[in-house]
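# A look at the structure
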Amino acid sequence: MAQAKQGDRVKIHFTGRLDDGSVFDTTTGDSSCQCGDCGDENAPYELVIGNEEFFVPVEEALVGMAPGEKKKIVVSPEDAFGDYDDECVFTIERSQLPDDMQPEVGMELELADEDDESVAVTVVDLTDTTVTFDANHPLAGEELTFDIELVEII
């Protein structure tokens, strides 16, 4: 039976979990997923091994696998979304926001930085005069566990 190697285009099913067991992403239509993007589709994820289209440790684990084979891979924060960085949390005066903007805790926005680059942020705190944003990825600092299945080598 064929085994996957670097450069192969493959289809995989995966379920990504946090340390507490909660599902943050899946291709299996797992109804316990909390990401809101999974739906009930069972479409496998397609990638080229070695092109860093997915987390590198997962791609590396695919090498040598045969269709139908399953593995569990743990991805460290450094290989996922990085460590949580307190310096990515900042506060601005409400007066710096557009007049029609009504921020709420949990709201996700895109702001422009000093280089006019787009930065994704989440509102984490509000006062009458300030808004505090967190520019860390929501999964920064998290160890991610993936259950993967090689579906097909294309």
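Residues numbered from 1 in each chain as written. Predicted model: local features only at pLDDT ≥ 70, side-chain atom pairs only at ≥ 80, totals over all residues. Heavy atoms only, no water.

### Regarding the overall build of the protein
The helix and strand inventory of the protein stands at one helix and nine strands. From first element to last, N terminus to C terminus, the protein shows the α and β order β-β-β-α-β-β-β-β-β-β. In summary, the protein has a C-alpha radius of gyration of 19 Å against a globular reference of 15 Å for 154 residues, an excess of more than 25%. The dimensions of the protein, computed from C-alpha atoms along their principal axes, are 65 × 35 × 25 Å. The buried share of the protein, taken over its 154 residues, is 34%. (Helix = DSSP H or I, 4+ residues; strand = E, 2+ residues; numbered from the N terminus. Rg over C-alpha atoms; globule rule 2.2 N^0.38 Å. Buried < 20%, exposed > 50% of the residue type's maximum accessible area, 1.4 Å probe, protein only.)

### Quick word on the sheet that holds strand S7 (residues 118–126)
Pairing is antiparallel in the open sheet, where four strands are placed in the order S5-S8-S7-S6. The open sheet terminates on both sides in strands that have one partner only, identified here as strand S5 (89–93) and strand S6 (108–112). Shown here is a sheet whose adjacent strand axes are inclined to one another by a mean of 45°, direction ignored. (Pairing = 2+ DSSP bridges. Axes fitted to C-alpha atoms, helices over the stretch in contact; angles between N-to-C directions.)

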